[in-house]
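Structural features, examined
Here is how the chains run, residue by residue.
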Amino acid sequence: MPLAHVTRFGFLATLLLAAVDPFSQARHNSELRLRFLNGSSQVKPSYDYVIVGAGTAGLTVADRLTADGKSTVLVVENGDVVDSPRIKQVYSGTAAMGPTFSYQIHSVPQVNLQNRSTAVIAGNLVGGSSAINAMMTVRGTSEDYDRWGSFFGNSVTHYFSAAIEALNFVPPDPAVVESVNITYDTSYWGNSSGIYAGWPFFQWPGLSLQIEAFRDIPGVEFPPDSGAGRAGVYWFPTFMDPQKVQRSYARTGHFDGINRTNHDVVTKSKVTKILLEDGTATGVIFQQKLSNATTYTTVKAYREVILSAGAIHSPQLLQLSGIGPRKLLESAGINATVDLPGVGQNFQDHPMMFMSIVLQNFTTHPSPLDMFQNPNFTNWAQELWRTNKTGPYSMGIGNAAAWLGMPVISPRRFESIATKLENQDHGAQLLPGTDPTVVAGYSAQMKNMAKAIRSTNTAFYNHVLSGSGSSGSLIDLHPLSRGTVNINTTDPHNTEPIVDYRALSNPVDLDIMIEFLRFTKTYFFETRLKELIPRQLQPPDYVNEPEDLAGFLSENLSPSEFHPSGTCAMMPKELGGVVDEELKVYGVNRLRVVDASIMPTLPGANTCQTVYAIAEKAVDLIKADA
């Protein structure tokens, strides 16, 4: 794994190092642009379906709906068509992250993080965030998806099963499997999608030791596959086309190579409003800026408008269209056509913390550091890549990790933490004046989370293994704090929404994260890894008291792993929900939301595979209503 998991500054280091790899320079493919509409003049007056956002979900839905050759679809995308080696590149997993292909948004200062602001990463191009993410192909446990259904009094495991068919699984190379004992089971995967779950043609030998060390910890399970729906330590694939050894994402899997007269995409076009007539969504208005001229185009939708703009912009567009919390809309001078308090609330992301422990007697080579410290090894790796696209340069951010429940990482404290959350005044953890329905929904979530803390099959702790002699980033998979994404009431139509993570606003998050730090120390100092003489660098080994660890987290925690979710929650309306179980917006006919914003609670995994599953399930729901 690259240097990103060696120090707290590793993420930035990886971005810099990715620029000096053996790949070609960025360029644009003008020929490819001809497959998209050149401007609003080519847009037809009406379509069966109008989809807002050509991202992970939007392109998936458009592909499936137009496959019959009859249903007409227009996808309106704010970003451009980008053909860059940084997007195609698998190596490091982070080459496409950063401001180049993202919206330019920063959160408000986080009061519990020493007033630090953070970049809000959301893809602003055809392919959306699937074009810039770390390509980790992981789904949550079965409990994560059952939890969604519990808010409606039933089960929605179909989202878990939809994740199977959403991807095309290609097994790893047998030689690589044997070298580090990779385990997988094809029965948990499909093979009919254009989105690939592939594997690199190399793994660091140190991963075997890191995985086996978890066997020294009571309660850790080793599921046979990342798709088994169980918490534990396991291998997982990469969103990678194994033949091309390039990123596989929504554009390559659900648009490139498709040539249908009933499928249009218009780019560099910002949807400014969803049109409503007598409680029904009838189309959209989108804006294009060319030179000094700004044009507005109205396009009608005969059947449905489908909002797939992501967890940052889907709630913004609903609010701009008069769908959202009445008080907020009125303060912005917008007529509240549909008073829907949950729009823009329930904002979640996976917090990320940095802990540095090094194994001073780690001698297994090759290791990730050899890519930067051993010229002979680097030359060998570059030659392998140039010759047949194998070796270390075929690797992303990693393919092995621990995804563990609280009873495993904190056997002595998980019950008291769950009880504390259960007995908490949940409304007091939200902003003053929060609508009672949103408070009720949050309370329902926290009661469910208390049960999850007691379960071994809801993963809270995530540690991606590096194969090097050091620790890496730790991820909180189920944060309890809830933020907001709302329009800027002083200038709602010309500014990005105001994003507030409200990090650590629920103090139980700190209790859980402190246990993460303690468990990671146990992993390095009380398993077979202790023979390699571990040394704790960050936080310093003398920082052990809860209040001191809390201070460390306030200085070092990132509120985001770039997985924004939850702002148009699929929950009952009386629980602050925005969409029902069929993803239909409450109070509006012929309008659905299909993206990460509908997740009522985050899955204990990277979100991309779940978004594909949401899109696949949405297509079934849409077709059933056609």
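Look up: the structure comes first, before these words.
Treat the numbers as computed from the prediction; the structure is a model and nothing was measured.

Basis of the calculations
Residues numbered from 1 in each chain as written. Predicted model: local features only at pLDDT ≥ 70, side-chain atom pairs only at ≥ 80, totals over all residues. Heavy atoms only, no water. Helix = DSSP H or I, 4+ residues; strand = E, 2+ residues; numbered from the N terminus. Rg over C-alpha atoms; globule rule 2.2 N^0.38 Å. Buried < 20%, exposed > 50% of the residue type's maximum accessible area, 1.4 Å probe, protein only. Contact = heavy atoms within 4.5 Å. Areas by Shrake-Rupley, 256 points an atom, 1.4 Å probe, with all protein chains shown as cover. Lys, Arg positive; Asp, Glu negative; His and termini not counted. Charge placed at Lys NZ, Arg CZ, Asp CG, Glu CD. 1 Å grid on protein atoms, 1.4 Å probe; cavity = no way out; pocket = protein on both sides within 12 Å on 5 of 7 lines; lining within 4 Å. Points joined across faces, edges and corners; volume = space filled by probe spheres on them. Nonpolar A, V, L, I, M, F, W, Y, C, P; charged D, E, K, R; others polar. Pairing = 2+ DSSP bridges. Axes fitted to C-alpha atoms, helices over the stretch in contact; angles between N-to-C directions. Core = buried A, V, L, I, M, F, W, Y, C linked by side-chain atoms within 4.5 Å. Salt bridge = Lys/Arg side-chain N within 4 Å of Asp/Glu carboxyl O. Parallel < 35°, antiparallel > 145°, perpendicular 65-115°, else oblique. Phe/Tyr/Trp six-rings, centres within 6.5 Å; stacked < 30°, edge-to-face > 60°. Lys NZ or Arg CZ within 6 Å of the ring centre and 35° of its normal.

Moving on to the overall build of the protein. Counting secondary structure elements, the protein contains 19 helices and 22 strands. For the protein, whose C-alpha radius of gyration is 23 Å, the value lies close to the compact-globule estimate of 25 Å for 626 residues. Along the first, second and third principal axes, the C-alpha atoms of the protein reach 70 × 60 × 45 Å. Looking at the 626 residues of the protein, the share that counts as buried comes to 64%. Long-range contacts, defined here as pairs at least 24 residues apart, represent 75% of the contacts in the protein between residues at least 6 apart. Accessible surface, the protein as shown: approximately 22,700 Å² in total, 50% of it carbon and sulfur. Across the protein, 47 positive and 57 negative side-chain charges occur, with their mean positions spaced 4 Å apart.

If you roll a probe as big as a water molecule over the atoms, it shows you where there is empty space left. Tallied over the full model, the rule gives four cavities of 30 Å³ or more. Around the largest cavity, the lining is made up of 15 residues, and of these D349, P351, P479, Y501 and A503 lie nearest the centre. Of the residues assigned to the lining of the largest cavity, the class counts are nine nonpolar, three polar and three charged.

Taken in spatial order, the five strands of this open sheet run β5-β16-β17-β18-β14, and their pairing is antiparallel. A strand with exactly one partner marks an edge of an open sheet, and here the two such strands are β5 (232–235) and β14 (352–354). Mean inter-strand twist for the sheet, computed between neighbouring axes without regard to direction, equals 25°. Strand direction decides the pairing type here: strand β17 (residues 461–464) and strand β18 (residues 473–476), joined by three bridges, are antiparallel. Its bridge partner being in β18, H463 is matched across the sheet by L474.

What follows deals with the nonpolar core. The biggest cluster of nonpolar side chains holds 154 residues, and the ones touching the most others in it are F214, L318 and L404. In terms of residues, this core owes the most to one element, helix α17 (residues 508–525), which gives ten residues. In contact with L404, not counting residues within four places along its chain, are F214, V220, G232, V233, I409, T458, A459, F460, Y461 and F519. A134, V138, A231 and Y234 belong to the second-largest nonpolar core, a separate cluster that totals 17 residues.

Before going further, it helps to examine unusual backbone geometry. A cis amide bond links H365 to the next residue, P366, at an omega of 0°. Summarising the element assignment, P366 is placed in the loop between β15 (356–359) and α12 (370–373). In the segment running from Q538 into P539, the intervening peptide bond is cis, with an omega of -5°. Mapping P539 onto the fold places it in the loop between β21 (534–538) and α18 (546–556). Despite not being glycine, S92 has its phi angle at roughly 80°, a positive value. Inspection of the secondary structure assignment puts S92 in the loop between α4 (85–88) and α5 (142–150).

With the rule as written, the count across this model stands at 22 salt bridges. The salt bridge involving D339 is made with R326; its shortest N-O contact spans 3.8 Å. With D339 in strand β13 (residues 338–339) and R326 in helix α11 (residues 326–331), this residue pair connects regions lying 13 residues apart in the sequence. For R326, a relative accessible area of 36% translates into the label partly exposed. Residues D625 and K584 are paired through a salt bridge, measuring 2.9 Å at the closest nitrogen-oxygen approach. Highlighted residues: D625 in helix α19 (residues 608–625) and K584 in the loop between α18 and β22 (591–593), separated in sequence by 41 residues. Looking at D625, the relative accessible area reads 40%, which means it is partly exposed.

For the pair helix α15 (residues 414–422) and helix α16 (residues 436–453), interaxial distance at closest approach is 9 Å and the crossing angle is 175°. Taken together, the axes of α15 and α16 lie roughly antiparallel to each other. Along its contact with α15, which presents F414, I417, A418, L421 and E422, the element α16 presents M446, M449, A450 and I453. Here the contact of α15 with α16 is built from residues that sort into eight nonpolar, no polar and one charged.

Turning next to the packing of α17 against α18. At their nearest, the axes of α17 and α18 sit 10 Å apart, and the two run at 95° to each other. Looking at the two axes, α17 sits roughly perpendicular to α18. Facing L510, M513, I514, L517 and R518 of α17, the residues of α18 in contact are P546, L549, A550, F552 and L553. Broken down by class, the residue content of the contact of α17 with α18 amounts to nine nonpolar, no polar and one charged.

Attention now goes to the packing of aromatic side chains. All told, the structure shown has 17 aromatic pairs when counted by the stated rule. A ring pair is formed by Y145 and W148, whose centres lie 5.4 Å apart and whose planes are at 80°; its orientation type is edge-to-face. With Y145 and W148 both in helix α5 and three residues apart, this pair spans about one turn of that helix. The buried category is assigned to W148, whose relative accessible area is 0%. Pairing F202 with W204 gives two aromatic rings, centres 5.0 Å apart and planes at 85°, and the pair type is edge-to-face. Relative accessible area serves as the criterion here: at 12%, F202 is assigned to the buried category. Taken together through their ring pairs, the aromatic side chains of F169, Y184, W189 and W199 make up a single cluster. Across the ring face of W189, the terminal group of R139 is positioned such that the distance to the ring centre comes to 4.7 Å. Its guanidinium or amino end placed over the ring of F222, R215 lies 3.9 Å from that ring's centre, counting from NZ or CZ.

Glancing now at the environment of L465. Positionally, L465 belongs in the loop between β17 and β18. What makes L465 buried here is its relative accessible area of 2%. For the pair formed by L465 and V358, sequence separation is 107 residues and the distance between their alpha carbons is 13 Å.

Scope: geometric values only; no functional claims are made or implied.
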